[in-house]
Amino acid sequence: MIEDTINQLKEAIQDLVFCDLQSINWTHKPSPDKWSANEILGHLIDSAQINLQRFVRCTYEENFKLTYEQDEWVKAARYQQADITNLVDLWEQLNLQIVRVLEKYPPDRLQAKCDNSKTTINLNTVEWLAADYVAHMKHHLKQIYGPNH
């Protein structure tokens, strides 16, 4: 299962890195309370940072809680004003690091758990978190690419 997740992550990285960045209106906000493509990518950067920490920490500890406030992080990081090339580069590097970590993950730690819930305890395995991370990313990348991708 983890191999499939890693392959899907690699494909997602390649798709964004080699897409026509100029064909996307990165700063358009569909409404004042919705994120632009810049902000969606920024959210994916934040997600990559949090999940990288989860994957690394689960190699040696369990049952810790690690969450974040997505709207506050996007606003504080000022992704709307960021250069898209810089954002894509940062997103790519974070995800390549996640690939490096997952490719050599200790097999006996794939079932290690951490809590990714803000309210009630919700322990999930590394394997589940990795698959969920990629599914979440693909959902948001579809929002960025639009229906014709």
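Coordinates for the structure precede this section.
Residues numbered from 1 in each chain as written. Predicted model: local features only at pLDDT ≥ 70, side-chain atom pairs only at ≥ 80, totals over all residues. Heavy atoms only, no water.

### Remarks on the overall build of the chain
No. 1: Within the chain, the regular secondary structure consists of five helices and two strands.
No. 2: Shown N-terminal to C-terminal, the secondary structure of the chain runs as helices and strands in the order α-α-α-α-β-β-α.
No. 3: The C-alpha atoms of the chain give 16 Å as radius of gyration, which agrees with the globular expectation for 149 residues (15 Å, within 12%).
No. 4: By principal-axis analysis of the C-alpha atoms, the chain measures approximately 45 × 30 × 25 Å.
No. 5: Considering only contacts within the chain whose residues lie at least 6 apart along the sequence, 73% involve residues at least 24 apart. (Helix = DSSP H or I, 4+ residues; strand = E, 2+ residues; numbered from the N terminus. Rg over C-alpha atoms; globule rule 2.2 N^0.38 Å. Contact = heavy atoms within 4.5 Å.)

### Description of the side chain of histidine 43
No. 1: With respect to the helices and strands, histidine 43 occurs in helix α2 (residues 37-57).
No. 2: Here histidine 43 falls in the buried class, since its relative accessible area comes to 1%.
No. 3: With residues near it in sequence (within four places) discarded, histidine 43 still touches Trp35, Tyr68, Gln70, Val74, Tyr79, His136 and His140. (Buried < 20%, exposed > 50% of the residue type's maximum accessible area, 1.4 Å probe, protein only.)

### Examining the nonpolar core
No. 1: Ranked by size, the top nonpolar core spans 48 residues in total, and within it Leu16, Trp26, Leu41, Phe55, Trp91 and Leu141 carry the most contacts.
No. 2: Contacts of tryptophan 26, omitting those with residues within four sequence positions, involve Leu16, Leu21, Ser36, Ala37, Asn38, Leu41, Ile84 and Ile144. (Core = buried A, V, L, I, M, F, W, Y, C linked by side-chain atoms within 4.5 Å.)

### Considering the pattern of salt bridges
No. 1: Using the criterion set out here, one finds six salt bridges in the structure.
No. 2: With its nearest N and O atoms 2.8 Å apart, the salt bridge here joins lysine 29 to glutamate 39. Highlighted residues: lysine 29 in the loop between α1 (2-17) and α2 and glutamate 39 in helix α2, separated in sequence by 10 residues.
No. 3: With relative accessibility at 29%, the residue lysine 29 sits in the partly exposed group. (Salt bridge = Lys/Arg side-chain N within 4 Å of Asp/Glu carboxyl O.)

### Concerning a negative patch on the surface
No. 1: The grouping of Glu3, Asp4, Glu11 and Asp15 at the surface amounts to a negative patch.
No. 2: Take glutamate 3: it is sitting in helix α1.
No. 3: Look at glutamate 3 and you get exposed, because its relative accessible area is 53%. (Patch = residues over 30% accessible without salt bridge, like charges linked within 9 Å, V, L, I, M, F, W, Y side chains within 5 Å. Areas by Shrake-Rupley, 256 points an atom, 1.4 Å probe, with all protein chains shown as cover. Lys, Arg positive; Asp, Glu negative; His and termini not counted. Charge placed at Lys NZ, Arg CZ, Asp CG, Glu CD.)

### Considerations on the packing of aromatic side chains
No. 1: Enumeration according to the criterion identifies two aromatic pairs in this entry.
No. 2: The interplanar angle of 80° and the centroid separation of 6.5 Å between the aromatic rings of phenylalanine 55 and tyrosine 133 together place this pair among those described as edge-to-face. Of this pair, phenylalanine 55 sits in helix α2 while tyrosine 133 is found in helix α5 (residues 126-145), placing the two residues 78 residues apart along the sequence.
No. 3: The exposure class of phenylalanine 55 is buried, given its relative accessible area of 0%.
No. 4: On the basis of relative accessible area, tyrosine 133 is assigned to the buried category, the value being 3%.
No. 5: For the pair tyrosine 68 and tryptophan 73, a centre-to-centre distance of 5.0 Å together with 50° between the ring planes defines the contact as tilted.
No. 6: Here tyrosine 68 falls in the buried class, since its relative accessible area comes to 13%.
No. 7: In this structure tryptophan 73 comes out as partly exposed when scored by relative accessible area, which is 31%.
No. 8: Positioned above the aromatic ring of phenylalanine 64, the side-chain terminus of arginine 57 is 3.9 Å from the ring centre. (Phe/Tyr/Trp six-rings, centres within 6.5 Å; stacked < 30°, edge-to-face > 60°. Lys NZ or Arg CZ within 6 Å of the ring centre and 35° of its normal.)

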